[in-house]
Amino acid sequence: MLKIKKTKPYQFRKLHSNSVTYNNSSNKSKLYTSRVLCSLALICGIVPSLTLLTYYNPYTESTYAARKTLSNITTMQEMTTDICNNSALGQSNTLTDIRDNSTYTVARLSDGNCWMTQNLRLTKESLEANGQSATLSSTTSDVAENSTFAMPTSSESGFSDDTASNAYYGDDINYGAYYTWCTATAGCKDKDGNNPVANVDAASSICPKGWRLPKGGIGVGTNEFANMAGIASNVSNTNYWSNVKDISFTEDTLIVNSSTWLAAGTHLNDSSERIGSYGYYWSNTAYNTTSTYNLYFNNSNFYPASTSKRYRGASVRCLAPASNTDFPELFDEKDSTVSVTVPKVLTIDAISKALTIEADPNQIIEGNISATISANTTYSVQLSAENPDLTNSNDPDHTIPASKNVQKGTNAWGILNQDNSTYSAITTNPTTYYNTEEYNDTEQSTKHTFGIGVSISPALPAGEYSTTVTITAVNN
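Predicted model, so just to flag it, every value in this text is computed and none were measured. For every chain, the first residue of its written sequence is number 1, and the numbers climb from 1 along that sequence. Local features in this predicted model are restricted to residues of pLDDT 70 or higher, and side-chain atom pairs are both shown and tallied only at a pLDDT of 80 or more, whereas totals for entire chains, interfaces and linings draw on every residue. Excluded from the side-chain calculation are hydrogens and water; included are all heavy atoms of the structure.

Observations concerning the state of the cysteines
Throughout, disulfides are identified as pairs of cysteine sulfur atoms within 2.5 Å of each other. Here the structure, examined in full by the defined rule, presents three disulfides. Here Cys84 engages in a disulfide with Cys114; their sulfurs sit 2.3 Å apart. Between Cys84 and Cys114 the sulfur-sulfur dihedral comes to about 110°; the bridge is accordingly right-handed. Residue Cys84 is located in helix H1 (residues 81–86), and its partner Cys114 is located in strand E10 (residues 114–116); the two are separated by 30 residues in the primary sequence. The same class applies to Cys84 as to Cys114, namely buried. When the bonded cysteines of the protein are numbered from the N-terminus onward, they pair as 1-2, 3-4, 5-6. Counting from the N terminus, the helices are DSSP H or I runs at least four residues long and the strands are E runs at least two residues long. Under the scheme applied here, a residue whose accessible area is under 20% of the maximum for its type counts as buried, over 50% as exposed, and between as partly exposed, the area being computed with a 1.4 Å probe on protein chains only.

Here's what the structure looks like:
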């Protein structure tokens, strides 16, 4: 609750008990906090309000599913689209590929998909050393049903033929292995068993079961390297260094949109090239019958839709998509009747920070409302007010109206905009306002902070002026 007191001593009171409201009338699950309490007095106190919420599934009319996340699995082959969907953005874990017992760090990145954050290093030799067959099948690999792929013997030579299946494992475990495209795609075949032509995806890969190569190509939203980097426009074979979010290159590492990529170089003919300076990562999308789309970068270039000959030895990062497009069998309707106990999916701890500035007509009182949210789902955060105006129950003729014009000497209050100098008026409808975000990787939570500004006129009578502010988390 926002309260202003003028000329009276500071008081600290908890005015409401916690409450939870579920809105089950729409296709999106809305999860509400209890009321946020903040006393804007001569000094404003802190009143915590902790609300634990569960997930309402509008499709089953019941609380649903013990929601597994990345934190609940130990192997790459356990990954499903549901697990990726349930994991919070930024959530990570180290998983074991049961084929050769290699371990990889994985994370749900800002594009919503789950990615390996290390390069694949599967080889014929690593499979055999783990007592496994060097022939991949759909049991443990991203290989089409009723088909297999024999991993080639690792060799430094042979990276010079468009259809060759070659792999080479260098000396640095961090850089992973180098694969021709025909090895990376487990045979360079489309879903009909043909050599993929322009803008056609390969049907298989050497990724673990539940994972695949990223999609390449051009167009809005179709290139998953571009999506990962935060590019929301058409892409082509051009440099997008200035178009992506938070990009940097230090030593042998590219960081783009909070994702880390090694410049592992490439392998051609009988030697490795550009190790530590350039990165090449295969997509599963053909450019034509001899070349393929790939991610290419160095210290000043970022090409999410570069093209290369298929015989190039390049790196592989596998992706587990956060949609049911690629794994429809995981969304069989018979599963929609399952009803089990639900752990808390979203937790909101909403507090109001102390406002330490005296209510003075010559100043704007500043403070904020914060909500720390832990969620196994993507969400957006909104604010609303029970009454947009700050009202005085003992003096209803005087109010502090919600306004975008918060100025010294006027009666007004609002939510701070991104420029840190102008304001927006709060409404009774849940509305998205500017907020700062701080992610806590250890606790898998995000703190959302909304700035508040309040100004009063010299003529405003003394009293308590208040409203109730609600923080709303909406499942996307």
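Quick word on the environment of Glu251
Relative to the helices and strands, Glu251 resides in the loop between strand E15 (248–250) and strand E16 (253–256). Taking relative accessible area as the criterion, Glu251 reaches 71% and is therefore assigned exposed. When the C-alpha atoms of Glu251 and Asn299 are compared, they prove to be 8.8 Å apart, with 48 residues separating the residues in sequence.

Quick notes on the packing of aromatic side chains
For Phe, Tyr and Trp, rings pair up if their centres lie within 6.5 Å, where Trp contributes its six-membered ring, and each pair is then called stacked (planes under 30 degrees apart), edge-to-face (over 60) or tilted (otherwise). Under the definition given, this model contains 10 aromatic pairs. Measuring from ring centre to ring centre gives 5.4 Å for Tyr296 and Tyr303, while their planes differ by 45°; the resulting arrangement is tilted. Neither Tyr296 nor Tyr303 differs from the other in exposure class; each is buried. Ring pairs connect the aromatic residues Trp115, Phe225, Trp261, Tyr281 and Phe297, which therefore count as one cluster. By definition here, charges over rings are those cases where NZ of Lys or CZ of Arg is within 6 Å of the ring centre and within 35 degrees of the ring normal. Across the ring face of Tyr278, the terminal group of Arg274 is positioned such that the distance to the ring centre comes to 4.4 Å. Above the face of the Trp261 ring, Arg317 is positioned so that its terminal group lies 4.5 Å from the ring centre.

Description of the pattern of salt bridges
Each salt bridge in this description consists of a side-chain nitrogen of Lys or Arg and a carboxyl oxygen of Asp or Glu lying within 4 Å of one another. Enumeration according to the criterion identifies five salt bridges in this entry. Between Asp97 and Arg99 there is a salt bridge, with its nearest N and O atoms 2.8 Å apart. Classification of Asp97 as buried rests on a relative accessible area of 0%.

Things to note about the sheet that holds strand E21 (residues 291–297)
Through backbone hydrogen bonds, the strands of a sheet pair up, either in parallel or in antiparallel fashion. Strand pairing is assigned whenever DSSP identifies at least 2 bridges connecting the two strands. In space, the three strands of this open sheet follow the order E20-E21-E22, with antiparallel pairing throughout. In the strand order of this sheet, the two ends are held by strand E20 (279–286) and strand E22 (302–309), each with one partner. The sheet shows a mean angle of 35° between the axes of neighbouring strands, direction not considered. Of the strand pairs in this sheet, E21 and E22 are connected by six bridges, and their pairing is antiparallel. Of the residues in E22, the one forming a bridge with Asn294 is Ser306. Helix axes are fitted only over the stretch in contact, all axes being lines through C-alpha atoms; the angle between N-to-C directions runs from 0 to 180 degrees.

Thoughts on the sheet that holds strand E17 (residues 259–262)
Read from one edge to the other, the open sheet built from three strands follows the order E15-E16-E17, with strand pairing classed as antiparallel. Each end of this open sheet is capped by a strand with a single partner; those strands are E15 and E17. Direction aside, neighbouring strands of the sheet carry axes that sit 25° apart on average.

Remember, this is a structural readout, not a statement about activity or role.
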